[in-house]
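Structural description and commentary
Listed below are the residues making up each chain.
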Amino acid sequence: CTLTTYIQTYLSHQETKESKCDLHRLEEGPPEKAELTRDQGLQYYRTMQTIRRMELKADQLYKQKIIRGFCHLYDGQEACAAGIEAGINPTDHLITAYRAHGYTYTRGVSVKEILAELTGRKGGVAKGKGGSMHMYAPCFYGGNGIVGAQVPLGAGIALACQYQGNNQLCVSLYGDGAANQGQLFEAYNMAALWKLPCIFICENNKYGMGTSVERAAASTDYYKRGDYIPGLRVDGMDVLCVREATKFAADHCRSGKGPIVMELQTYRYHGHSMSDPGVSYRTREEIQEVRSKSDPISMLKERMLSHNMASVEEFKEMDVEIRKEVEEAAQFATSDPEPPLDDLCNHIFYNNPPLEVRGTHPWAKLKSLS
């Protein structure tokens, strides 16, 4: 869904562009024009720039060994999170894999709570017990560490939406690496049979861990993988494109037509995780070319500047505010205490816990042997 030529500009407040999509089993796709108001543009810029700064700070804290364990960063893919959120309602549901920090933020969790969770502090969104891969919020179900496991869970959430008749849907996200998992196709089958309101979204960032999509998949047309399920492929580096495609997919689901598969063609600047330098299987020149030509934040900024929708000073002022917010969040994340040992057995069971599981019980007092 690459947004190409400018059609018309209304004063300095909104912009209209033409778009094209790759479609599968669809007679028509998203509208050919997308409108961007000044307020929307500034909001999308703030969201994407905040995610970018937050991830760069996480990178720094990890290298300082303040963040430990698994950590998968989202910088480069910000237009996916911002665009999807702009295309659905806050009451709709979203579930994703372990590259979850961006969606945790767009689902309403503060930078402070996210960074504190990364550093394992009690002020974190999961009280310091979840870490990078396990963050949750209302209508947001993580952050799931097992490759592809969140997709059937997303279908289950969509089933709950259908059962309750609340006109809500579930966005179930996965990467190109997980796209070859068998459980995805089982979830597709059930969702199609029961016409579940589920948007299956493949964030194709070109590499599953350290393997390019061409080496891992016999077919890289991920939007066609649903076979009997309609699909569309869009430019995941363009926030407007993602927004319009998501709105289209959401309308498809809410109208009772069942699930739809979306492929967002995007790119990650970091390696697969912090243990992967990301340059052994791709060149630094490739990463730099994407940064210079397709960066989601730069493209939106240049688009708004060229149409007098905002000034350079406004963007600079916003950047300063975001940097300050992230720095204050990092200070909190490094000074807030860790959760006490006595708290580790809490929040394991929802209610009526069994008396003993694997030799312990919820009120057991743990002792450190170190």
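As the structure is a prediction and not an experimental result, all values here were calculated from the model. (Residues numbered from 1 in each chain as written. Predicted model: local features only at pLDDT ≥ 70, side-chain atom pairs only at ≥ 80, totals over all residues. Heavy atoms only, no water.)

1. Some points on the overall build of the protein
To keep things clear, this is the line we draw: Numbering of helices and strands runs from the N terminus, with a helix taken as a DSSP run of H or I at least four residues long and a strand as a DSSP run of E at least two residues long. Atoms counted for the radius of gyration: C-alpha only. Globule rule: 2.2 Å times the number of residues to the power 0.38. To sort residues, take the accessible area from a 1.4 Å probe on protein chains only and compare it with the maximum for the residue type: under 20% means buried, over 50% means exposed, and anything in between is partly exposed. The method behind every accessible area is Shrake-Rupley, applied with a 1.4 Å probe, and residues are considered shielded solely by the protein chains displayed. Positive residues here are Lys and Arg, negative ones are Asp and Glu, while His and the chain termini are left out of the count. Every charge is mapped to an atom, namely NZ of Lys, CZ of Arg, CG of Asp or CD of Glu.
Per the secondary structure count, the protein includes 11 helices and 11 strands. In terms of overall size, the protein behaves like a compact globule, its C-alpha atoms giving a radius of gyration of 21 Å where 370 residues would be expected to give roughly 21 Å. Taken along the three principal axes of its C-alpha coordinates, the protein extends 65 × 50 × 40 Å. Among the 370 residues that make up the protein, the fraction classed as buried is 52%. As displayed, the protein offers around 17,400 Å² of accessible surface, 51% of which is attributable to carbon and sulfur atoms. Across the protein, 42 positive and 46 negative side-chain charges occur, with their mean positions spaced 4 Å apart.

2. Points about the state of the cysteines
Under the convention used in this document: Throughout, disulfides are identified as pairs of cysteine sulfur atoms within 2.5 Å of each other.
All chains considered together, the criterion is met by zero disulfides. The thiol of Cys-139 is not disulfide-bonded; the next cysteine sulfur, from Cys-161, is found 8.4 Å away. Take Cys-170: it sits in no disulfide, and the sulfur closest to it among the cysteines is that of Cys-198, at 5.1 Å.

3. Here's the deal with the sheet that holds strand S5 (residues 93-95)
The criterion, for reference: If DSSP finds at least two bridges between two strands, the strands pair. Working convention: axes come from line fits to C-alpha atoms, limited for helices to the stretch in contact. Angles between N-to-C directions cover 0 to 180 degrees.
In spatial order, the strands read S3-S10-S11-S7-S6-S5; together these six strands make up an open sheet with mixed pairing. On the outer flanks of this sheet lie strand S3 (22-24) and S5, each paired with one strand and no other. This sheet shows a mean twist of 20 degrees between the axes of neighbouring strands, independent of strand direction. The sheet contact formed by S5 and strand S6 (residues 170-175) spans three bridges and is parallel.

4. Some details on the pattern of salt bridges
Definition in use: What makes a salt bridge here is a side-chain nitrogen of Lys or Arg within 4 Å of a carboxyl oxygen of Asp or Glu, nothing more.
In total, this model carries 17 salt bridges according to the counting rule given. Residue Asp-22 pairs with Arg-233 through a salt bridge whose shortest N-O separation is 3.1 Å. In this pair, Asp-22 is assigned in strand S3 and Arg-233 in strand S10 (residues 231-235), connecting sequence segments 211 residues apart. The closest approach of N and O atoms between Glu-327 and Lys-57, which form a salt bridge, is 2.8 Å. Linking Glu-327 in helix H11 (residues 312-335) with Lys-57 in helix H1 (residues 38-63), this pair joins segments that are 270 residues apart in sequence. The partly exposed category is assigned to Glu-327, whose relative accessible area is 37%. Residue Lys-57 is classed as buried on the basis of its relative accessible area of 8%. Through salt bridges with shared partners, a single ionic network connects Asp-22, Asp-221, Lys-224, Arg-233 and Glu-263.

5. As for the packing of aromatic side chains
Filter applied, for reference: Any pair of Phe, Tyr and Trp rings, taking the six-membered ring for Trp, is counted once the centres come within 6.5 Å. Such a pair is stacked with planes under 30 degrees apart, edge-to-face with planes over 60 apart, and tilted for the rest. To sit over a ring, a charge needs its Lys NZ or Arg CZ within 6 Å of the ring centre and within 35 degrees of the ring normal.
The final tally for this structure, using the stated rule, is six aromatic pairs. On the numbers, 5.1 Å between centres and 75 degrees between planes, the contact of Tyr-188 with Phe-200 is edge-to-face. Residue Tyr-188 is found in helix H6 (residues 182-193), and its partner Phe-200 is found in strand S7 (residues 198-204); the two are separated by 12 residues along the sequence. The buried category is assigned to Phe-200, whose relative accessible area is 0%. Through a chain of ring-to-ring contacts, three or more aromatic side chains come together here, namely Phe-185, Tyr-188 and Phe-200. Cation over ring: Lys-112 sits above Phe-332, and NZ or CZ is 4.7 Å from the ring centre. Directly above the ring of Tyr-269 sits Arg-291, whose terminal nitrogen or CZ lies 4.0 Å from the centroid.

6. Looking at the UniProt feature "domain: Dehydrogenase E1 component" (unreviewed entry) in the protein
Defined as follows: UniProt positions are given in the numbering used here, feature names are shortened, and annotations may be inferred rather than shown by experiment.
With numbering aligned to this structure, UniProt lists the feature "domain: Dehydrogenase E1 component" (unreviewed entry) at residues 46-340. End C-alpha atoms of residues 46-340 are separated by 35 Å, and the span's content is 46% helix alongside 11% strand.

7. Here we look at the pairing of strand S11 (residues 260-265)
Taken across its six residues, S11 has five buried, putting it largely inside the fold. Inspection of the sheet shows S7 paired to S11 by six bridges, in the parallel sense. If you follow Cys-202 over to S11, its bridge partner there is Glu-263. Relative to S11, S10 runs parallel, the two being bridged by five bridges. From the neighbouring strand, Gly-231 faces S11, where its bridge partner is Val-261.

8. Considerations on a nonpolar patch on the surface
Applied cut-off: Like-charged residues within 9 Å of one another, or nonpolar side chains (Val, Leu, Ile, Met, Phe, Trp, Tyr) within 5 Å, are grouped into patches, provided each residue has over 30% relative accessible area and no salt bridge.
Taken together, the side chains of Leu-159, Met-190, Leu-193 and Trp-194 present a nonpolar region at the surface, about 410 Å² in accessible area. Turning to its location among the elements, Trp-194 is positioned in the loop between H6 and S7.

9. Notes on the layout of surface pockets
Rules: With a 1 Å grid laid over protein atoms only, a set of points is called a cavity when a 1.4 Å probe fits there but cannot get out and a pocket when it is open yet has protein on both sides within 12 Å along at least five of seven lines; lining residues have an atom within 4 Å of a point. Grid points are joined across faces, edges and corners, and a volume is the space filled by probe spheres set on the points. Just so you know the grouping, Ala, Val, Leu, Ile, Met, Phe, Trp, Tyr, Cys and Pro go in nonpolar, Asp, Glu, Lys and Arg go in charged, and all remaining residues, Gly too, go in polar.
Roughly 280 Å³ of volume is contained in the largest pocket. Among the residues making up the lining of the largest pocket, the classes are represented as seven nonpolar, nine polar and four charged.

10. Section: the domain arrangement of the protein
Heads up, the rule is: Here the limits of each domain have been adopted from an automatic or database domain assignment.
Domain parsing of the protein yields domain 1 (14-339) and domain 2 (342-369). The straight-line distance from the C-alpha centre of domain 1 to that of domain 2 is 34 Å.

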